[in-house]
Amino acid sequence: MREPFSLRADDVQAEAGAWITRRDSTEWSNADQAALDAWLAASTAHMIAFIRLDDMWKRADRLKALKPNARQRTGLMRRFASGTFAMKAVAAAVVAACIGAAAFLTPLRPTETVYATAIGAHKALKLPDGSRIDLNTDTTLRLSRSANRVTVTLDKGEAFFQIKHDPRRLFVVLAGRHRVIDIGTEFLMRSQPNHLEVTLISGSARLDAPDGRMQTPILLRPGDDLTVANNLITTTRKSSHRLAEELGWRRGMLIFEATPLADVVAEFNRYSVRKIVVADRVTASIPLSASFPTDGADSFLELAKAMLKVRVDRRGDDIVISQRK
Amino acid sequence: MPSNNGIVRGMSDTSETSHGWNEADGRGAMAAARNVNDWFVREILPLEPSLLKFLRRSWRNESEIRDLCQDVYVEVYEAARVEFPKSARAFLFSVARNAVIDKSRRAHIVAIEAVADLEALGVSVDEPGPDQAVMGRQDLRRLQSALDRLPERWREALVMRKIEGLTRPQIAQRMGIAERTVSQHLASAIVALSNIFYGDPPDEGGK
């Protein structure tokens, strides 16, 4: 009972799909465009199918932010963390001086001020406009302010930004080759060589690369956790529960939930000059759920010895955790 | 209104990508179509899960659902060319309802009680439902789960093109198939992805 001119939706979709893909290929000429325009003009159904798939095609660009198997929430983070712990512990720790926040109050010229925390330290900066920046352990950032712009450069470490959005003053955070532009936001940023992680808690923010390498800026939404490593950008979602855990350091706490020992150790190592090393893979993968003060490496080691049935040995300046034979 | 923010931002985000559509819009008739297109993508497409749910309840023949959906879209789009309806949602569902009644009449089927069943479906005609807000927040997650449900080869091709940014010849080489086949895979993939992405209601209960 079809009207003579009615088009099968499946056929229309298939044709629209072919157009979308053709247009995406390199040899798209003016003649092709004209043919597309003619096809679109031939029927409203064509037009609709096309804009619908076109929207899908553009949306799929957000997939760039995903790795095919980024399904585990913290997949990439975990892998990264265990990579770090495996690396030889950094012997010389840079202990930078903490500079008082008072320097903030008279920012007349866009001069740069350096703020840093020592390993194990934690520091809160309050800006005159009510914004706040929490620096976690072993973090260095530079801050410069001008009339219409606040620029923070996160050289290393981790900082939590709570930005009072001011349309007249742009708030920009640079890290490595990327930058985050706030649009009224709370976010967490962790920067290491070749590795940047941004977690958006509330509001929204945009990530791009000032050198134009990224064609499309990525818009972050609350719960988005974005990782840039080796030029690969990965976005995963984090539950509010998980976000609260990651922000535990602001209260001086490290919170773990079924976290592999390797990652637990990597966390403690961020807060201590004395490094802990996990000797073998079996031990590294033991999951641990617990919370400790950030300086609680010793109680962690005690607990690990007693509960997880592992060996804890001193080896030079390091502490080694291994399987009990 | 606040619930729209997510999706509005989302759109402006994606529309910055230049994939030729913007260029196409710059010309004559296309420029006029631009507003309607934007409106349609922004207001109507997010309602597709609710629309399909309604159509499936009202029309038992699954093989005709997509056609019915297309008819509804055409009518809504053409009406919007003349004037944007005050409430996209209310308008969409009134068109859908008429389309089903029309079709039943032609097919000599009485399905009026099913058609009248909007409320029972939890489809509120007046207020914006969870769709728009949910779209913004869960966009990426849904996109990923839609991707996961694509047939293997199509997904592979799409991942290489969209995530890894490979060119068609590179994909052809990697997959060991002709470029032509890559194009076919990509076309099938984007159609299937759109049907899964739009057609599947986000988590029931809007959690």
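Since this is a predicted model, take the numbers as computed values, not measurements.

Participant: How would you sum up the overall build of chain B? Please name residues and give values.
Facilitator: Counting its secondary structure elements, chain B contains 11 helices and zero strands. The order of helices and strands in chain B, counted from the N terminus, is α-α-α-α-α-α-α-α-α-α-α. Residue burial in chain B is summarised as follows: out of 207 residues, 40% are buried. When contacts within chain B are restricted to residue pairs at least 6 apart in sequence, long-range pairs at least 24 apart make up 70% of them.

Participant: Which residues make up the overall build of chain A, and what values go with them?
Facilitator: Counting its regular elements, chain A contains eight helices and 16 strands. Burial statistics for chain A: of 325 residues in total, 38% are counted as buried. Sequence separation of 24 or more characterises 49% of the internal contacts of chain A that already satisfy a separation of 6 or more.

Participant: Outline the nonpolar core, listing residues and values.
Facilitator: Formed by 65 residues in total, the largest nonpolar core has its most connected members in I48 and L53 of chain A together with L51, A96, A189, I190 and L193 of chain B. Counting residues per element, this core draws most heavily on helix α11 (residues 179-199) of chain B, which supplies 10 residues. Residues in contact with I48 of chain A, not counting those within four places in the same chain, are F40, Y73, V74 and Y77 of chain B. Core analysis: the next-biggest nonpolar cluster, separate from the first, contains 32 residues, V173, L207, I218 and L226 of chain A among them.

Participant: Pulling in residues and values, what's your account of the packing of helix α3 (residues 44-59) of chain A against α11 of chain B?
Facilitator: Put simply, α3 of chain A and α11 of chain B touch, their axes get as near as 9 Å, and they point 90 degrees apart. Classified by the angle between their axes, α3 of chain A and α11 of chain B sit roughly perpendicular to one another. Side by side, α3 of chain A and α11 of chain B meet where R52, L53, M56 and W57 of chain A of the first sit next to I190, V191, L193, S194 and F197 of chain B of the second. Here the contact of α3 of chain A with α11 of chain B is built from residues that sort into seven nonpolar, one polar and one charged.

Participant: Break down the sheet that holds strand β13 (residues 276-278) of chain A for me, with residues and values.
Facilitator: All names here are of chain A. Taken in spatial order, the three strands of this open sheet run β13-β16-β15, and their pairing is mixed. Every interior strand has two partners, whereas the edge strands, β13 and β15 (310-315), have only one. The sheet shows a mean angle of 25 degrees between the axes of neighbouring strands, taken without regard to direction. Sheet analysis places β13 next to strand β16 (residues 318-323), joined by three bridges and oriented parallel. Bridge pairing links V278 to I321 in β16. Sheet strands touched by helix α8 (residues 297-307): β13, β15 and β16. Its angle to β15, the strand with the most contacts, is close to 135 degrees.

Criteria and cut-off values
- Residues numbered from 1 in each chain as written.
- Chains lettered and ligands numbered in written order.
- Predicted model: local features only at pLDDT ≥ 70, side-chain atom pairs only at ≥ 80, totals over all residues.
- Helix = DSSP H or I, 4+ residues; strand = E, 2+ residues; numbered from the N terminus.
- Buried ≥ 20, exposed ≤ 12 C-beta atoms within 10 Å, placed from the backbone.
- Contact = placed C-beta atoms within 7 Å.
- Core = buried A, V, L, I, M, F, W, Y, C linked by C-beta atoms within 7 Å.
- Axes fitted to C-alpha atoms, helices over the stretch in contact; angles between N-to-C directions.
- Parallel < 35°, antiparallel > 145°, perpendicular 65-115°, else oblique.
- Nonpolar A, V, L, I, M, F, W, Y, C, P; charged D, E, K, R; others polar.
- Pairing = 2+ DSSP bridges.

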